[in-house]
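Spelled out from the first residue to the last, the chains are:
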Amino acid sequence: MSGALAPYPDDSGMSAAEKDYLFDLLGYRILRGALTAEQLRRLNDWIDAQPPAKPGEWLGDVEVHSYQGHDGTNYQNVVEGGPVFEELIDGPAWIDDVRRYICNGTCALSLNEAFLNVREQAGYIGIHSGGHLPSLIATTRHRTGQWMVGQINVLMALTDVGPGDGATVIVPGSHKSDLIHPVLAESAHPAYRDDFVAADAAMTAEVHLKAGDALMFTDGLCHGSAARTNPGERRILIYRYSPHYVMPRYNYVPSDALMARLTPARRSIVQPVPPRFAPGRTLTDGARARFS
Ligand SMILES: O=C(O)CCC(=O)C(=O)O
Ligand SMILES: [Fe+2]
């Protein structure tokens, strides 16, 4: 990694206004101790209990997935994985700020994507995103005196993530940059470059987390990860929140059992706009295929 910008400050004594300023300025905040020790244990136990499975296979209502292979195994739709995943839908360490930053309470929140990622040695995710993108989910603004952030990722560390562990990297402030990151500019796609380890790009900084910490960041930040050089696994959980009018990324239809268990507040985040049917109609395979 070459030439990181300023390190993240110690925000422990900051006022709420200073933390807002920091989020607007840098595009991210680090939430120390966002998960309880008990939640961490249950999350890691859940991973340990999963049978080996390949992308495309389902473990109940959780789909095994990978973006590009080298970024590791994703357990998608992981809110279906049990109570610990349900209680994090409105995790108290972030939900009020997420709600405020997305639209100051003028919209409903939507869980755009919820997945757990396990990444092994040599794994990485390429450099992606940035303020140059003409996309709502890359939009972060406060120009009107009101927050409007199209997507906030809450990335929770389930293992310690330090040097060599394949940390997430960000370019601080890049959500406000009108220019594309130069190495992303060489890519065929302006949003993502698969073949470039993000940490090798200038001005990126590794975000080191203790298990239980969370990185809360706008998806408009130019980011990615380092390649993991240490043996073992990096385990993270990502919940992405958007305004209710942004389609969920993969549009998993929540199971009846999950919806029955969730509190009204959580149900609304998982499915802010329920499908509407004329009497007697149901979601058929044909309807699903039309939209896939
Ligand atoms: O794996 C990471 O550290 C970052 C993940 C990420 O940016 C993504 O999944 O979009
Ligand atoms: Fe990302």
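Attention here is on the structure that accompanies the text. (Residues numbered from 1 in each chain as written. Chains lettered and ligands numbered in written order. Predicted model: local features only at pLDDT ≥ 70, side-chain atom pairs only at ≥ 80, totals over all residues. Heavy atoms only, no water.)

Further remarks concern the side chain of R193. Structurally, R193 is set in strand β11 (residues 192-197). At 2.8 Å, the side chain of R193 forms a polar contact with the backbone oxygen of V183. A polar contact is formed between the side chain of R193 and the side chain of E186, at a distance of 3.1 Å. Setting aside residues up to four positions removed in sequence, R193 forms contacts with G126, I127, V183, L184, E186 and S187. (Helix = DSSP H or I, 4+ residues; strand = E, 2+ residues; numbered from the N terminus. Polar contact = N/O pair within 3.5 Å; in protein donor to acceptor, adjacent residues only side chain to side chain. Contact = heavy atoms within 4.5 Å.)

Okay, helix α4 (residues 95-103) next. Looking only at α4, the buried set comprises I95, D97, V98, Y101, I102 and C103. The positive-phi residue at the C-terminal boundary of α4 is N104, with phi of around 50°. (Buried < 20%, exposed > 50% of the residue type's maximum accessible area, 1.4 Å probe, protein only.)

Here the focus is the coordination of the iron ion (ligand 2). Taken together, the protein ligands of the iron ion (ligand 2) are H128 (NE2) and H223 (NE2), with distances of 2.1 Å. In this structure, the iron ion (ligand 2) is coordinated by four donor atoms arranged in irregular fashion, with angles at the metal of 77 to 164°. Of this pair, H128 sits in strand β6 (residues 126-128) while H223 sits in strand β14 (residues 223-225), and the two are 95 residues apart along the sequence. Each of the two residues, H128 as well as H223, counts as buried. (Donors = N, O, S within 2.8 Å, 3.2 Å for Na, K, Ca; no water. Tetrahedral: all angles 85-135°; square planar, octahedral: opposite > 155°, others 65-115°.)

As a further point, take the state of the cysteines. In total, this model carries one disulfide according to the counting rule given. One disulfide in the model links C103 with C107; its S-S distance is 2.1 Å. Judged by the sign of its S-S torsion, about -95°, the bond between C103 and C107 is left-handed. (Disulfide = S-S within 2.5 Å.)

On to the sheet that holds strand β3 (residues 62-65). The sheet built from eight strands is open, its strands ordered β1-β13-β9-β15-β5-β4-β3-β2 with antiparallel pairing. Each end of this open sheet is capped by a strand with a single partner; those strands are β1 (28-31) and β2 (58-59). When strand β5 (residues 109-119) meets strand β15 (residues 234-243), the two strands line up antiparallel, connected through ten bridges. Considered in β15, the bridge of E113 is made with R240. Docked against the sheet, helix α1 (residues 16-26) engages β1, β9 (152-157) and β13 (214-218), running at close to 130° with respect to β1. (Pairing = 2+ DSSP bridges. Axes fitted to C-alpha atoms, helices over the stretch in contact; angles between N-to-C directions.)

A few words on the site of ligand 1. Near ligand 1 you find 13 residues, and of these R119, T168, H223, R234 and R240 are the closest. Within the contact set of ligand 1, an oxygen atom lies 2.9 Å away from a side-chain nitrogen or oxygen of R119. In isolation ligand 1 offers 300 Å² of accessible surface; the protein chains occlude 96% of this area. Top contributing element to the shell around ligand 1 by residue count: β15, with four residues. Here the residues of the shell around ligand 1 are counted per class, giving five nonpolar, five polar and three charged. (Near = heavy atom within 4 Å. Areas by Shrake-Rupley, 256 points an atom, 1.4 Å probe, with all protein chains shown as cover. Nonpolar A, V, L, I, M, F, W, Y, C, P; charged D, E, K, R; others polar.)

A few words now on the environment of I269. Structurally, I269 can be placed in helix α7 (residues 264-270). Separated by 179 residues in sequence, I269 and D90 place their C-alpha atoms 8.3 Å apart. Beyond its immediate sequence surroundings of up to four residues, I269 is in contact with I89, D90, I95, R99, L109, S110, L111 and Y241.

Opposite charge on two side chains permits them to pair, given that their charged atoms come into close proximity. Applying the stated criterion across every chain, the model contains 18 salt bridges. Taking the shortest distance from any N to any O, the salt bridge between R235 and D48 comes out at 2.8 Å. Placement of the pair is R235 in strand β15 and D48 in helix α2 (residues 37-49), with a sequence separation of 187 residues. When its relative accessible area of 11% is taken as the criterion, R235 is described as buried. With relative accessibility at 52%, the residue D48 sits in the exposed group. (Salt bridge = Lys/Arg side-chain N within 4 Å of Asp/Glu carboxyl O.)

Leaving glycine out, the prevailing phi sign among residues is negative, and the prevailing peptide bond configuration is trans. Unusually for a residue other than glycine, M203 sits at a positive phi of about 75°. Among the secondary structure elements, M203 is positioned in the loop between β11 and β12 (205-207). On the basis of relative accessibility, which here comes to 37%, the residue M203 falls in the partly exposed class. Positive phi outside glycine occurs at N251, with the angle close to 60°. Among the structural elements, N251 can be located in the loop between β15 and α6 (256-261).

When you tally the buried positions in β5, you get eleven out of eleven residues, the bulk of the element. Relative to β5, strand β4 (residues 73-76) is paired through four bridges, and the arrangement is antiparallel. The partner of Y75 across the bridge, within β5, is L116.

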